[in-house]
Amino acid sequence: MAAVSGAAGTGAAVSGLDPVAVRRDFPLLMAPHAGGRLVYLDSAASSQRPRQVLEAMDDYYETTHANVHRGVYAIAEEATRRFEAARHAAGRLIGAARPATEIVFTKNVTEAVNLVAYSWGRANLAPGDAIVLTEIEHHANLVPWLMLAEERQLELRYLRLGEDYRLELSNLDELLDGAKLLGITCASNVLGTVVDLEPLVAAAHDAGAVVLADAAQLVPHRPVDVAALGVDFLGFTGHKMLGPTGIGVLYGREELLEAMPPFLGGGEMIRDVRLDGFTPNELPWKFEAGTPPIAEAIGLHAAIRYLEAIGLEAVAEHEDSLTAHAVGRLQDAFGEDITIFGPDPALGRRGGAISFAFKDLHPHDVAQVLDSRRVCVRAGHHCAKPLMRRLGVQATTRASLYLYNDEDDVSELVGALRAVADFFA
Amino acid sequence: MSGLGDVYRENLEDLYREIILDHYRSPRNRGELATPPAHRAEGFNPLCGDEVVVYAAVEDGVVTDVRISGQGCSISQSSASMMSAAVKGQPVAEARRLLRAFKSMMSIHESSLGGEAGGVSRARGGEGAVEADEADEPAPVDVESLGELAALQGVVKFPVRIKCATLSWNTLAQVLAEAEAGGAGTGAEAVG
């Protein structure tokens, strides 16, 4: 944790986060790429990870790997201790009242949503029931509900996109009337829109609906408190917050999780198995069938420690100012040649995902030439095809910012976009 | 790693040869044909949303006219333009030979990707499509016989873009199958 308690940590206390010092902790960002520094602007798809995370995972495998919750020998006890410590850290990070029972490890947010749709949804939704989603959702919070709706003949209602790329809320009460669930993103992976969740949660609860929040793009970037938000379920994923792939978290209120049937069946999730039946395990293991991703949980714990050492307030402040800077630079440099699909940073907080159309060029062509300048951006539909249709585009180019990005990265992006314009002139 | 930059730039110039950019900026045979008598098929690339519509008029075994509409990236659009120029006025047999040779040129990486980028094998659109699949198995590469189409061979260094280049050709296979089957040719779909 040297750089966290050293340069980056010290900088955070005085004048905000120092992205150059942070970068020194990230081997991939420090390695030469194509003769220069990699400009990584795709953290909304997946972040990079600091060596503290890699070392924590290596240390686990090198010193104490064994299966968890089984062996009585020392390294198995230690593996179990580290795995469960990760659960508590994840719970503390989001303000869960009872981390020991309310934090379920999943593969990612997609699995977290599928767990809720399959287990809570099948136990609580009947033909004709309505659920409310939004048209800015990632496919992860759309397709599981489309599948359940087909199976159970559910009515799907959608909050639409409104002014300044924020949700249109004028018909919120009408949509929530009689609905059983509100499934909503906390921050759009395409638009950068940050949803003001508290009033929505209050309205949903007034209407008798439970709330599932997709926080994949929020937990990595800002402080999150599930108690303050009032959400019933919330999902986030490790690899977008400096941790490894293959580890995600579902937070659920204990009463809800307790009443839900298991999701996947197998080892670990049972208390007793007979030839004619089984008794499920207690929370949270009831929802964790099979050997879990142990090293990944330990890596996630290291990522959480890293982010907490810097401070998520500092991360948010850094991203807010860098996002405003980047949007301003792009608009100044390219004027009408660029269309940014996302809220104006001057009108309120937004996330660091900046989606845009550049001239009349296809995003794949833009991204391909940016790659030749070592600038990594995403080009495509960002797993949000209904939103693409709403925006009237097939795809967008997206640059997304995180704690290791700085104004130099924005300059590199602007310069590389000039090269794109020249190349296709 | 320091030499990678030059390789990247060379590859980029390989990908976007001048003739490709020319077809992208000034696409040939843009437009539509009345169906019937012409045949029509649509191709989609689900990864990037590219779509291409190919119209072909076939008389006495000759592709007498070709028109292209749709939208997409420079590679898919220029490949469609170059295809239209290459097959227009050619006998169907020659169009099929070009199709096989082009697919063969593009299949170097398709095979190494375990079929992920395979276009023809995943084409669908009725019985005609099955016929096209069998008829259009990649032939040994004969790059010289491809003329200016050979300019697209740099695409194989960018596996994700292979689908962009083969999209219009897979769609052409659908149109030719439709024409041979004698159908009205309005509903075929290819997935690039």
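Residues numbered from 1 in each chain as written. Chains lettered and ligands numbered in written order. Predicted model: local features only at pLDDT ≥ 70, side-chain atom pairs only at ≥ 80, totals over all residues. Heavy atoms only, no water.

### What to know about the overall build of chain A
Okay, so step 1: Along the backbone of chain A there are 17 helices and 17 strands.
Okay, so step 2: Split into buried and exposed, the 425 residues of chain A put 59% on the buried side.
Okay, so step 3: Put simply, chain A shows about 16100 Å² of open surface, and 51% of that area lies on carbon and sulfur atoms. (Helix = DSSP H or I, 4+ residues; strand = E, 2+ residues; numbered from the N terminus. Buried < 20%, exposed > 50% of the residue type's maximum accessible area, 1.4 Å probe, protein only. Areas by Shrake-Rupley, 256 points an atom, 1.4 Å probe, with all protein chains shown as cover.)

### As for the side chain of Arg374(A)
Residues and elements named next belong to chain A.
Okay, so step 1: Inspection of the secondary structure assignment puts arginine 374 in the loop between helix H15 (363-372) and strand S15 (375-376).
Okay, so step 2: With no salt bridge to any partner, buried arginine 374 finds its closest opposite charge in glutamate 412, at an N-O distance of 4.5 Å.
Okay, so step 3: Engagement of the side chain of arginine 374 in a polar contact is seen with the backbone oxygen of arginine 37, the distance being 3.1 Å.
Okay, so step 4: Once residues within four sequence positions are removed from consideration, arginine 374 is found in contact with His33, Ala34, Gly36, Arg37, Leu38, Val39 and Glu412. (Lys, Arg positive; Asp, Glu negative; His and termini not counted. Salt bridge = Lys/Arg side-chain N within 4 Å of Asp/Glu carboxyl O. Polar contact = N/O pair within 3.5 Å; in protein donor to acceptor, adjacent residues only side chain to side chain. Contact = heavy atoms within 4.5 Å.)

### Side note on the packing of aromatic side chains
Two aromatic rings are characterised by how far apart their centres lie and by the angle between their planes.
Residues and elements named next belong to chain A.
Okay, so step 1: Under the criterion given, the structure shown has 12 aromatic pairs over all chains.
Okay, so step 2: Relative to tyrosine 404, the ring of phenylalanine 26 has its centre 5.0 Å away and its plane inclined at 70°; by these criteria the two rings are edge-to-face. With a gap of 378 residues between them, phenylalanine 26 in the loop between helix H2 (19-23) and helix H3 (27-30) and tyrosine 404 in the loop between strand S17 (396-400) and helix H17 (407-423) connect regions that are remote in the sequence.
Okay, so step 3: Given the relative accessible area of 1%, tyrosine 404 is considered buried.
Okay, so step 4: Residues phenylalanine 334 and phenylalanine 358 carry aromatic rings whose centres are separated by 5.1 Å and whose planes lie at 85° to one another, so their mutual orientation is edge-to-face. You can see phenylalanine 334 sitting in helix H14 (residues 312-334) and its partner phenylalanine 358 sitting in strand S14 (residues 353-358), a full 24 residues away along the chain.
Okay, so step 5: For phenylalanine 334, a relative accessible area of 10% gives the class buried.
Okay, so step 6: One aromatic cluster in this structure is built from Phe26, Tyr306, Tyr402 and Tyr404. (Phe/Tyr/Trp six-rings, centres within 6.5 Å; stacked < 30°, edge-to-face > 60°.)

### Topic: empty space enclosed by the protein
Gaps left between atoms are located by rolling a probe of water-molecule size over the structure's atoms.
Residues and elements named next belong to chain A.
Okay, so step 1: A complete count under the given rule lists 4 cavities of 30 Å³ or more for this structure.
Okay, so step 2: Taken together, 13 residues line the largest cavity, and the ones lying closest to its centre are Gln217, His221, Gly351, Gly352 and Ala353.
Okay, so step 3: Looking at the lining of the largest cavity residue by residue, the class counts come to 4 nonpolar, 8 polar and 1 charged.
Okay, so step 4: In terms of lining residues, the second largest cavity is bounded by Ala187, Val194, Gln217, Leu218, His221, Arg222, Glu319, Asp320, Arg350, Gly351 and Gly352.
Okay, so step 5: For the lining of the second largest cavity, the per-class residue count stands at 3 nonpolar, 4 polar and 4 charged.
Okay, so step 6: Counting only domains with at least three residues in the lining of the second largest cavity, you end up with domain 1 (2-49 + 311-423) and domain 2 (55-308). (1 Å grid on protein atoms, 1.4 Å probe; cavity = no way out; pocket = protein on both sides within 12 Å on 5 of 7 lines; lining within 4 Å. Points joined across faces, edges and corners; volume = space filled by probe spheres on them. Nonpolar A, V, L, I, M, F, W, Y, C, P; charged D, E, K, R; others polar. Domains from an automatic or database assignment.)

### Section: the interface of chain A and chain B
Okay, so step 1: Across the boundary between the two partners, chain A contributes 20 residues, which contact 26 residues of chain B.
Okay, so step 2: Around 1900 Å² of area is buried between chain A and chain B when both sides are counted, 54% of it from carbon and sulfur atoms.
Okay, so step 3: The largest share of the area that chain A buries against chain B comes from Gln368(A), Gln394(A) and Phe423(A), three residues that together contribute 30% of it.
Okay, so step 4: Inspection of the chain A/chain B interface yields 1 salt bridge. (Buried area = accessible area lost by both parts, 1.4 Å probe.)

### Some thoughts on the environment of Glu94(B)
Residues and elements named next belong to chain B.
Okay, so step 1: One can find glutamate 94 in helix H4 (residues 92-112).
Okay, so step 2: Since its relative accessible area comes to 24%, glutamate 94 is described here as partly exposed.
Okay, so step 3: Each C-alpha atom of the pair glutamate 94 and valine 63 lies 9.5 Å from the other, and the pair is 31 residues apart in sequence.

### Description of the sheet that holds strand S10 (residues 248-252) of chain A
All names here are of chain A.
Okay, so step 1: Across the sheet, 7 strands lie side by side as S4-S10-S9-S8-S7-S5-S6; this open sheet has mixed pairing. Among the strands making up the open sheet, the edge pair consists of strand S4 (103-106) and strand S6 (155-159). Averaged over all pairs of adjacent strands, the angle between their axes in this sheet comes to 20°, without regard to strand direction.
Okay, so step 2: For strand S5 (residues 130-134) and S6, the ladder comprises 5 bridges, and the chain directions are parallel. Opposite valine 132, over in S6, you have arginine 157 as the bridge partner.
Okay, so step 3: The sheet strands contacting helix H5 (residues 74-93) are S4, strand S9 (233-237) and S10, and the helix crosses S4 at an angle near 115°. (Pairing = 2+ DSSP bridges. Axes fitted to C-alpha atoms, helices over the stretch in contact; angles between N-to-C directions.)

### A closer look at the environment of Gln90(B)
All names here are of chain B.
Okay, so step 1: Tracing the backbone through its elements, the reader meets glutamine 90 in the loop between helix H3 (74-87) and H4.
Okay, so step 2: By relative accessible area, which is 27% here, glutamine 90 ends up partly exposed.
Okay, so step 3: Separated by 26 residues in the primary sequence, glutamine 90 and threonine 64 have C-alpha atoms spaced 7.3 Å apart.
Okay, so step 4: Apart from the residues lying within four places of it in its own chain, the contact partners of glutamine 90 are Val62 and Val63.

### Digging into unusual backbone geometry
Okay, so step 1: Of note, the bond from Leu283(A) into Pro284(A) is cis; its omega dihedral lies within 30 degrees of zero at 0°.
Okay, so step 2: Inspection of the secondary structure assignment puts Pro284(A) in the loop between strand S12 (277-280) and helix H13 (294-310).
Okay, so step 3: For the bond running from Pro36(B) to Pro37(B), omega is 15°, close enough to zero to count as cis.
Okay, so step 4: Position of Pro37(B) among the secondary structure elements: in the loop between helix H2 (18-25) and strand S1 (39-45).
Okay, so step 5: Unlike most non-glycine residues, Asp164(A) shows phi in positive territory, near 55°.
Okay, so step 6: Residue Asp164(A) is classed as partly exposed on the basis of its relative accessible area, which comes to 25%.
Okay, so step 7: The backbone phi angle of Asp60(B) is positive, close to 50°, even though this residue is not glycine.
Okay, so step 8: Its place among the elements puts Asp60(B) in the loop between strand S2 (50-59) and strand S3 (62-71).

### Concerning the confidence of the model for chain A
Okay, so step 1: In this model, chain A carries an average pLDDT of 94, and 96% of its residues clear a pLDDT of 70 or more.
Okay, so step 2: Across residues 1-15 of chain A, confidence stays below pLDDT 50; counting only partners more than four residues off in sequence or on other chains, it has 27 contacts. (pLDDT = per-residue confidence, 0-100.)

### With respect to the pairing of S5(A)
Residue and element names in this part refer to chain A.
Okay, so step 1: S5 sits mainly inside the fold: 5 of its 5 residues count as buried.
Okay, so step 2: Side-chain alternation along S5 places Ala130, Val132 and Thr134 on one buried face and Ile131 and Leu133 on a second face that is also buried.
Okay, so step 3: Note on the crossover from S5 through helix H8 (residues 143-152) to S6: the handedness is right-handed.
Okay, so step 4: Relative to strand S7 (residues 179-185), S5 runs parallel, the two being bridged by 3 bridges. Bridging from a neighbouring strand, valine 132 pairs with leucine 182 of S7. (Right-handed = clockwise from strand over helix to strand, strands pointing away.)

### Brief notes about the nonpolar core
Okay, so step 1: Among the nonpolar cores identified, the biggest contains 84 residues, and Ile94(A), Leu197(A), Val231(A), Leu234(A) and Leu403(A) are the most heavily contacted of them.
Okay, so step 2: Take this core: its biggest share by element is 11 residues, from H13(A).
Okay, so step 3: Counting residues domain by domain, this core receives three or more from each of domain 1 (2-49 + 311-423) and domain 2 (55-308) of chain A.
Okay, so step 4: Beyond its immediate stretch of four places on either side in the chain, Leu197(A) contacts Ile184(A), Thr185(A), Cys186(A), Ala213(A), Leu229(A) and Val231(A).
Okay, so step 5: Listed in part, the 74 residues of the second largest apolar core include Ile340(A), Ala151(B), Ala165(B) and Ala173(B). (Core = buried A, V, L, I, M, F, W, Y, C linked by side-chain atoms within 4.5 Å.)

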